Amino acid sequence: MYTFIAGIILLILGYFIYGKFVERVFGIKDSRKTPAYSNKDGVDYLPLSKNKNSLIQLLNIAGVGPIFGPILGALYGPVAFLWIVLGCIFAGAVHDYLTGMISIRNRGAHLPELAGKFLGKFMKHTVNAFAILLLLLVGTVFVTAPAGLIHTLADGSIALGAIILVIFIYYIFATMLPIDKVIGRLYPIFGALLLISALGVGASLVISGAPIPELSFTNMHPDNVPIFPLLFLTISCGALSGFHATQTPIISRTTQNEKQGRRIFYGMMIAEGIIAMIWAAAGMSLFNGSAGLSEILANGGPGAVVSEVSVTMLGAIGGTMAVIGVIILPITSGDTAFRSARMIIADYFKISQKKIISRMWIAIPLFVISFVLTNIDFELLWRYFSWANQSTAVIALWVGAMYLFIAHKQYYIAMIPAIFMTMATTTYILNAPIGFRLPIEASYIGAAMFTIIVIGLFYVKAIAARKTDFELDADDLSKNKAA
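Quick notes on the rules
- Residues numbered from 1 in each chain as written.
- Predicted model: local features only at pLDDT ≥ 70, side-chain atom pairs only at ≥ 80, totals over all residues.
- Heavy atoms only, no water.
- Axes fitted to C-alpha atoms, helices over the stretch in contact; angles between N-to-C directions.
- Helix = DSSP H or I, 4+ residues; strand = E, 2+ residues; numbered from the N terminus.
- Parallel < 35°, antiparallel > 145°, perpendicular 65-115°, else oblique.
- Left-handed = near helix turned anticlockwise from the far one by under 90°.
- Contact = heavy atoms within 4.5 Å.
- Nonpolar A, V, L, I, M, F, W, Y, C, P; charged D, E, K, R; others polar.
- Buried < 20%, exposed > 50% of the residue type's maximum accessible area, 1.4 Å probe, protein only.
- Arc of directions from axis to C-beta.
- pLDDT = per-residue confidence, 0-100.
- Salt bridge = Lys/Arg side-chain N within 4 Å of Asp/Glu carboxyl O.
- Patch = residues over 30% accessible without salt bridge, like charges linked within 9 Å, V, L, I, M, F, W, Y side chains within 5 Å.
- Areas by Shrake-Rupley, 256 points an atom, 1.4 Å probe, with all protein chains shown as cover.
- Core = buried A, V, L, I, M, F, W, Y, C linked by side-chain atoms within 4.5 Å.
- Phe/Tyr/Trp six-rings, centres within 6.5 Å; stacked < 30°, edge-to-face > 60°.
- Lys NZ or Arg CZ within 6 Å of the ring centre and 35° of its normal.

A.B. asks: Is there a simple way to think about the packing of helix H4 (residues 50–61) against helix H12 (residues 243–252) in this case?
C.D. replies: When two helices pack together, their arrangement is given by the angle between the helix axes and the distance between those axes. Where H4 contacts H12, the axes come no closer than 9 Å and their chain directions differ by 155 degrees. Comparing their axes, H12 and H4 come out roughly antiparallel. Where H4 crosses over H12, the handedness of that crossing is right-handed. Where H4 approaches H12, its residues Asn53, Ile56, Gln57, Asn60 and Ile61 are matched on the opposing element by Phe243, His244, Gln247, Thr248, Ile250 and Ile251. Of the residues that constitute the contact of H4 with H12, the class distribution is five nonpolar, six polar and no charged.

Structure (structure tokens):
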């Protein structure tokens, strides 16, 4: 298991080395007042401690993605480890850090507002629709997945519909009440349970000497589907996820100081990458290869893999605790998905959120739509979620690259992963059954042409913006024109 252990070590080193480099490129300002103080409203804007913000951020971003995605990605074999490690360090954590910090510099703005500012008004409207769609899909997936796990854990003794209803009731309270009333109080407890369960499975893999395969670039998928682009959309959370761009502004509104950003945004993505490594390793090692894993996925989906891994590695009691930890993950991302959707809609239409009735008018229709979506097949939802998710990540990375370019900073840290994922997501939608169904070769060509056009448009807009008195940071009198 050298590849597995080396991957974990590289992720940790990535936080201390590359994370510090990214922080230095961005350039933190200790003395700058954060939105938690400058926009304090007692509902969404209020200061929370660094430790509390870190655990909330981890639970916000770590839904079923860093578990279900790596389990499905394990079908490709150990090449999945490579994407988790490199994607997390050089793409996902950079994406989360830049999104969070640029949001802090712009009064806690969400991605649609940032896209409008840095990429143009058309992108603001496009990203707004995209973000709401993504958050509805996330919220729905993160209702059906934990509900199914609870239903299985209870041996079917509790009706699935009743479980879904209870989760929705919790979501209503978590979405509409001030962030410190429910999320701020429960998440530290949930975070501890999540970390204990994930580390328990990881330690058991090592102690038991599980046959985790070593690095190989061979495509081991039983259906021989192409690694590019499918692997890079199958494993999103745990490597790179646009969903995180909808979540980091929640914490940018509660962060006390910019110097806490690396720990909260970059560091928690690294933690999610470690969780993804553990579950990918479990999927590769405990079912006699890709064929065995494919069979259990066909019969019971990723939830069945989670239950089997947990009980096998930790026994009945420990396994139950691990499954509970996995149940908590999606629930604690689903609630903030709806909360984020409420905040984005409120920002878009400039609706004050101080009164609970204003929050209800936005939140209730979202829950109704999501409840209807729970009747759609999970695998179909996941495919749409995967593409919408990674497309959102592409937009967030281009926003980060634009910010750094205008500021005369090393914008390539965001631009390189943005180019790669633009190519991957475009190839997928051109080739996929849910897209244009083109042959894979034609999809590669079309995606390459589109990516070149996007790069050209980026430079045209970036160079023009750099020549103007562009206000990078809201209320920053210096305009931060030079690095």
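Read on, since the account is not over.
A.B. asks: Before we go on, may I ask you to explain helix H2 (residues 18–26) in this structure?
C.D. replies: Helical geometry: 3.6 residues make up each α-helical turn, so side chains three or four residues apart lie on a common side. Taken as a whole, H2 has its buried residues at Tyr18, Gly19, Val22, Glu23, Val25 and Phe26. Mapping the buried residues of H2 onto a view down its axis gives an arc of 160 degrees, with all of them on the same face. Taken from the residues just after H2, glycine 27 is the one with a positive phi, measuring 85 degrees.

A.B. asks: Explanation requested: the confidence of the model for the protein in the structure shown.
C.D. replies: A low pLDDT means the predicted coordinates there should not be read in detail. Mean pLDDT over the protein stands at 88; residues scoring 70 or higher make up 97%. Per-residue pLDDT, averaged within each element of the protein, yields its smallest value for helix H10 (residues 183–207) (80) and its largest for H2 (98). Across residues 477–483, where pLDDT falls below 50, the model places 20 contacts with residues more than four positions away in sequence or in other chains.

A.B. asks: Where do I start with the pattern of salt bridges in this structure?
C.D. replies: Where side chains of opposite charge bring their charged atoms close, a pairing between them can arise. As enumerated under the stated definition, the model contains eight salt bridges in all. Among the salt bridges present, the one from glutamate 23 reaches arginine 262, with a minimum N-O distance of 3.6 Å. Here glutamate 23 is found in helix H2, whereas its partner arginine 262 is found in helix H13 (residues 261–285), with 239 residues between them in sequence. Here arginine 105 makes a salt bridge to glutamate 258, at a shortest N to O gap of 2.6 Å. On the criterion of sequence distance, the pair formed by arginine 105 in helix H6 (residues 79–105) and glutamate 258 in the loop between H12 and H13 is long-range, its members being 153 residues apart.

A.B. asks: What am I meant to see in the packing of H6 against H12 here?
C.D. replies: Contact pair H6 / H12: the axes reach a minimum separation of 8 Å and the direction vectors enclose 45 degrees. The angle between H6 and H12 places the two elements in the oblique class. Our pair here, H6 against H12, has a crossing hand that is right-handed. Facing His95, Asp96, Thr99, Gly100, Ser103 and Ile104 of H6, the residues of H12 in contact are His244, Ala245, Thr248, Pro249 and Ser252.

A.B. asks: I would appreciate a short explanation of unusual backbone geometry in the present structure.
C.D. replies: Note: most peptide bonds trans; most residues except glycine with negative phi. Between phenylalanine 228 and proline 229 the backbone carries a cis peptide bond, its omega angle lying at 10 degrees. Take proline 229: it is sitting in helix H11 (residues 227–234). Of note, the phi angle at asparagine 224 is positive, near 55 degrees, even though the residue is not glycine. As for its position among the elements, asparagine 224 is in the loop between H10 and H11. Positive phi, close to 60 degrees, is recorded for histidine 408, a residue that is not glycine. Along the chain, histidine 408 falls in the loop between helix H16 (378–406) and helix H17 (412–431). Take histidine 408: its relative accessible area is 42%, and that puts it in the partly exposed class.

A.B. asks: Any chance you could explain a nonpolar patch on the surface here in plain terms?
C.D. replies: Residues Ile5, Ile9, Leu10, Ile12, Leu13, Phe16, Ile17 and Val206 make up a contiguous nonpolar surface patch of about 720 Å² in total accessible area. Looking at the nonpolar patch element by element, the count peaks at six residues for helix H1 (residues 2–16). Within the element layout of this structure, leucine 13 appears in helix H1.

A.B. asks: What is the right way to read the nonpolar core from this model?
C.D. replies: Most often, soluble globular proteins keep nonpolar side chains buried together rather than apart. Grouped together as the largest cluster of nonpolar side chains are 158 residues, with contacts concentrated most on Phe118, Tyr171 and Tyr266. Residue contributions to this core peak at 20 residues, all from helix H14 (residues 289–349). Setting aside chain neighbours within four positions, we find tyrosine 171 in contact with Gly139, Phe142, Val143, Pro330, Ile331, Gly334, Asp335, Phe338 and Phe367.

A.B. asks: What's the story with the packing of aromatic side chains in this structure? I'm lost.
C.D. replies: One pair of aromatic rings is described through two measures. These are the centre distance and the angle between the planes. If you walk through the whole model with that rule in mind, you get 30 aromatic pairs. Geometrically, the ring pair formed by tyrosine 15 and phenylalanine 16 is edge-to-face, given 5.0 Å between the ring centres and 75 degrees between the ring planes. On the basis of relative accessibility, which here comes to 16%, the residue tyrosine 15 falls in the buried class. Classification of phenylalanine 16 by relative accessible area gives exposed; the value is 54%. Positioned above the aromatic ring of phenylalanine 26, the side-chain terminus of lysine 409 is 5.8 Å from the ring centre. Its end group placed over the ring of phenylalanine 405, arginine 466 keeps NZ or CZ at 3.8 Å from the ring centre.

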